[in-house]
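The residues making up each chain are set out below.
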Amino acid sequence: MVVLQSGWLGACVAMLVGLAAQAQTGSAPAAATPPAVAPDAHSSAQRLSTPGSGNLVITNPQALACQDAAKIGDFNGSGVGQCTLALGTSPLSQQDVAAIYTDRGAVYLQHRQYAQAKADFDAALQLVPTTADAYVNRGAALLGMKQYADAIVDTDRGLALGPDQPERAYFNRAIAEEHLKDLKSAYQDFLRASQLNPGWAAPKAELAGLNP
């Protein structure tokens, strides 16, 4: 996937949430088509992705719009604004606030705004340090910032806590391992991602082209 060419990573994150499965939140978001991305010579690099937090329990319109932008895709570009409005609503539990920060961070990732995304994941984890997807998504932000060793550390933390889509965490970690030239570990992580989600083509494509 994102082996040595940094442009692949940007294309990858552009598809961040549109390819994520829906988390269990009790709401039924409308079906949507993932946004188009410019063709890329390494098309599976477009699949760096995890969903948002999956922890939101409030049901005000701003919070639901924020959640949908994180998990389905920010199609109209209003996701960050809706998330920010949601943070100003009340009452909010600490868990709700952490969920909104995690979702807003996922929206920032869609727009390749890695520093803003990381700041939101930092805020979420300060509030609820056991938010698995905040760790995994912060790892994705660190990938975008080319901080590959730190990305692995956060992905490991997220995996230990049980993220919504562990196959994507393994996939992300493999990307970082490729950048660090640890091809054996990358191969094992792509293989694990493929085993967890046999219908997902991206890790299979990576395995076919990787020679550890």
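Residues numbered from 1 in each chain as written. Predicted model: local features only at pLDDT ≥ 70, side-chain atom pairs only at ≥ 80, totals over all residues. Heavy atoms only, no water.

Here we look at the overall build of the protein chain
Heads up, the condition is: In DSSP terms, a helix is any run of H or I states spanning at least four residues, a strand is any run of E spanning at least two, and both are numbered starting from the N terminus. Burial status follows relative accessibility: with a 1.4 Å probe on protein chains alone, a residue under 20% of its type maximum counts as buried, one over 50% as exposed, and anything between as partly exposed. Throughout, a contact is declared for two residues whenever any of their heavy atoms are within 4.5 Å. Only the protein chains shown count as cover for residues, with accessible areas throughout obtained via the Shrake-Rupley method and a probe of 1.4 Å.
Counting its secondary structure elements, the protein chain contains 10 helices and zero strands. When its helices and strands are written in sequence order, the protein chain yields α-α-α-α-α-α-α-α-α-α. Expressed as a percentage of its 212 residues, the buried residues of the protein chain come to 53%. Put simply, 66% of the contacts in the protein chain that link residues at least 6 apart link residues at least 24 apart. In the structure as shown, the protein chain presents an accessible area of about 8900 Å², 52% of it carried by carbon and sulfur atoms.

Some remarks on the packing of aromatic side chains
Definition in use: Only centres within 6.5 Å qualify two rings of Phe, Tyr or Trp (six-membered ring in Trp) as a pair; their planes then separate them into stacked at under 30 degrees, edge-to-face at over 60, and tilted for everything else. Each ring is checked for a lysine NZ or an arginine CZ that lies within 6 Å of its centre and within 35 degrees of its normal; such an atom marks a charge sitting over the ring.
Inspection of every chain in the model, using the stated rule, returns two aromatic pairs. Their ring planes at 45° and their centres at 4.9 Å tell us that Phe171 and Trp200 sit as a pair that is tilted. Within this pair, whereas Phe171 is found in helix H8 (residues 166-179), its partner Trp200 is found in the loop between helix H9 (183-196) and helix H10 (201-209), the two being separated by 29 residues in sequence. The class for Phe171 is buried, based on a relative accessible area of 0%. Take Trp200: its relative accessible area is 8%, and that puts it in the buried class. Among the aromatic side chains, those forming a connected cluster through ring pairs are Phe171, Phe190 and Trp200. One Lys or Arg, Arg168, reaches over the ring of Trp200 and ends 4.3 Å from the middle of that ring.

With respect to the pattern of salt bridges
Rules: Salt bridges, as used here, are contacts in which a Lys or Arg side-chain nitrogen is within 4 Å of a carboxyl oxygen on Asp or Glu.
Tallied over the entire structure, the rule returns nine salt bridges. Arg173 is the partner of Glu177 in a salt bridge, and the nearest nitrogen-oxygen pair spans 3.7 Å. Highlighted residues: Glu177 and Arg173, both in helix H8, separated by four residues, approximately one helical turn. Each of the two residues, Glu177 as well as Arg173, counts as buried. Through salt bridges with shared partners, a single ionic network connects Lys118, Asp122, Arg138, Asp154 and Arg157.

Focus on the environment of Thr155
As a reminder of what qualifies: Here a polar contact is taken to be a pair of N or O atoms separated by no more than 3.5 Å, where protein atoms must pair a possible hydrogen donor with a possible acceptor and residues adjacent in sequence count only if both atoms sit in side chains.
Tracing the sequence through the fold places Thr155 in helix H7 (residues 148-161). Thr155 sits in the buried class, given a relative accessible area of 2%. Taking C-alpha positions, Thr155 is 7.9 Å from Tyr170, a pair spaced 15 residues apart along the chain. Those residues in contact with Thr155 that sit more than four places away from it in its chain are Tyr135, Gly139, Ala169 and Arg173. From its side chain, Thr155 meets the backbone oxygen of Ala151 in a polar contact 2.8 Å long.

Remarks on helix H4 (residues 94-110)
Residues spaced three or four apart along an α-helix face the same direction, because each turn holds 3.6 residues. Inclusion rule: An expected span of 1.5 Å times one less than the residue number is assigned to each helix.
A rise of 1.5 Å per residue sets the reference length of H4, with its 17 residues, at 24 Å; its end C-alpha atoms lie 25 Å apart and thus fit the reference within 8%. With 14 of 17 residues buried, H4 lies mostly within the body of the structure. Directly after H4, the chain includes Arg112, whose backbone phi takes a positive value near 60°.

What to know about the packing of helix H3 (residues 79-87) against H4
This is how it is decided: To get an axis, fit a line to the C-alpha atoms, keeping to the stretch in contact for a helix; angles then go from 0 to 180 degrees between the N-to-C directions. Each angle is binned into one of four classes, with values under 35 degrees roughly parallel, values over 145 roughly antiparallel, values of 65 to 115 roughly perpendicular, and all other values oblique. Note on convention: the crossing is left-handed when the near helix lies turned anticlockwise from the far helix by less than a right angle, right-handed when the turn is clockwise. Gly is placed with the polar residues, together with every amino acid not listed as nonpolar (Ala, Val, Leu, Ile, Met, Phe, Trp, Tyr, Cys and Pro) or charged (Asp, Glu, Lys and Arg).
Remark: H3 packs on H4, axes separated minimally by 9 Å, with the N-to-C direction vectors making an angle of 165°. Classified by the angle between their axes, H3 and H4 sit roughly antiparallel to one another. Here H3 and H4 pass one another in a crossing that is left-handed. Contacts between H3 and H4 involve Gly79, Val80, Cys83, Thr84, Ala86 and Leu87 from the first element and Val97, Ile100, Tyr101, Asp103, Arg104, Val107 and Tyr108 from the second. Looking at the contact of H3 with H4 residue by residue, the class counts come to nine nonpolar, two polar and two charged.

A look at unusual backbone geometry
A cis geometry characterises the amide bond from Ser90 onward to Pro91, with omega recorded as -5°. Mapped onto the elements of the fold, Pro91 is located in the loop between H3 and H4. Non-glycine residue Lys181 carries a positive phi angle of around 65°. With respect to the helices and strands, Lys181 occurs in the loop between H8 and H9.

Let's talk about the nonpolar core
Under the convention used in this document: By nonpolar core we mean a set of buried residues, namely Ala, Val, Leu, Ile, Met, Phe, Trp, Tyr and Cys, connected to one another through side-chain atoms within 4.5 Å.
By size, the foremost hydrophobic cluster in this structure holds 20 residues, and its most contacted members are Leu143, Phe171, Ala176, Ala186, Phe190, Ala193 and Trp200. At the level of elements, helix H6 (132-144), H7, H8, H9 and H10 are the ones that each hand at least two residues to this core. Residue contributions to this core peak at six residues, all from H8. If sequence neighbours within four positions are ignored, Ala186 has contacts with Ala174, Glu177, Glu178 and Leu210. Within the second largest apolar cluster, 17 residues are counted, among which are Ala63, Val107, Tyr114 and Ala117.

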